[in-house]
Amino acid sequence: MTRPQEDAGLGAVERVRGVREQDSLIGLQRSMSIRAERLAAAERARARMVAMPAFRQGTGAELLAARAVGRRMADASREAQDAAEAADRLTTEARGRWQDDRTRLRAVEHLLQRRADVRAEERRRAEERDLDDVAGQGWLRRRREARR
């Protein structure tokens, strides 16, 4: 939108804040995607661990091997859950940044709109004054003509 010259500076601020808001929105969307991926990975790791059959019988070496596999699966599940929680925190931070940027952009847009409203009101009042002047001149003309 074309802005009046007196709003050129605020128009530039609006454009910069608009770009920032878009960047932070893209960052939020990306972090939400990563979060979803990490949550799914954590769920898969947990499901694999839960689905692991319990050791029922076998040699001592097989028992140790089963315990080692179980420990590795538990570690992998814990790491996947930690990654999911970290992604969740990053998403929360990204959402906060986006909301801050959106609020800043909306503030500038609101200020520009208020300025435009004030100018429109000033134009309306000037037009009313002009119409009052025209009406007053017409009244004077008619009054003069009526006296003749």
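Just so we're clear, the structure is a prediction, and the values are computed from it rather than from any experiment.

Draft legend 1. Broad picture of the environment of threonine 92. Tracing the backbone through its elements, the reader meets threonine 92 in helix α2 (residues 60-147). Of the residues examined, threonine 92 reaches a relative accessible area of 48% and is grouped as partly exposed.

Draft legend 2. Inspection of the packing of helix α1 (residues 8-51) against α2 at higher detail. Look at α1 against α2: their axes get within 7 Å of each other, and the N-to-C directions meet at 160°. What the angle tells us is that α1 and α2 run roughly antiparallel. In this structure, α1 meets α2 at a crossing whose hand is left-handed. Of the residues contributing to the contact of α1 with α2, the split by class is 25 nonpolar, 7 polar and 16 charged.

Draft legend 3. Quick peek at a negative patch on the surface. Residues Glu127, Asp130, Asp132 and Asp133 make up a contiguous surface patch of negative charge. Inspection of the secondary structure assignment puts aspartate 130 in helix α2.

Draft legend 4. Spatial organisation of the pattern of salt bridges. What the rule picks out here adds up to 10 salt bridges. One salt bridge connects arginine 104 with aspartate 101, and the closest N-O pair in it is separated by 3.9 Å. Placement of both arginine 104 and aspartate 101 in helix α2 is noted, with a separation of 3 residues, approximately one turn of the helix. Look at arginine 104 and you get partly exposed, because its relative accessible area is 44%. Between arginine 106 and glutamate 109 there is a salt bridge, and its shortest N-O distance comes to 3.4 Å. Placement of both arginine 106 and glutamate 109 in helix α2 is noted, with a separation of 3 residues, approximately one turn of the helix. Arginine 106 sits in the partly exposed class, given a relative accessible area of 42%.

Draft legend 5. Spatial organisation of the packing of aromatic side chains. Within this structure, the stated rule accounts for 0 aromatic pairs. Of note, arginine 102 hangs over the ring of tryptophan 98, and the distance from its end group to the ring centre comes to 4.4 Å.

Scoring rules and cut-offs
Residues numbered from 1 in each chain as written. Predicted model: local features only at pLDDT ≥ 70, side-chain atom pairs only at ≥ 80, totals over all residues. Heavy atoms only, no water. Helix = DSSP H or I, 4+ residues; strand = E, 2+ residues; numbered from the N terminus. Buried < 20%, exposed > 50% of the residue type's maximum accessible area, 1.4 Å probe, protein only. Axes fitted to C-alpha atoms, helices over the stretch in contact; angles between N-to-C directions. Parallel < 35°, antiparallel > 145°, perpendicular 65-115°, else oblique. Left-handed = near helix turned anticlockwise from the far one by under 90°. Nonpolar A, V, L, I, M, F, W, Y, C, P; charged D, E, K, R; others polar. Patch = residues over 30% accessible without salt bridge, like charges linked within 9 Å, V, L, I, M, F, W, Y side chains within 5 Å. Areas by Shrake-Rupley, 256 points an atom, 1.4 Å probe, with all protein chains shown as cover. Salt bridge = Lys/Arg side-chain N within 4 Å of Asp/Glu carboxyl O. Lys, Arg positive; Asp, Glu negative; His and termini not counted. Charge placed at Lys NZ, Arg CZ, Asp CG, Glu CD. Phe/Tyr/Trp six-rings, centres within 6.5 Å; stacked < 30°, edge-to-face > 60°. Lys NZ or Arg CZ within 6 Å of the ring centre and 35° of its normal.

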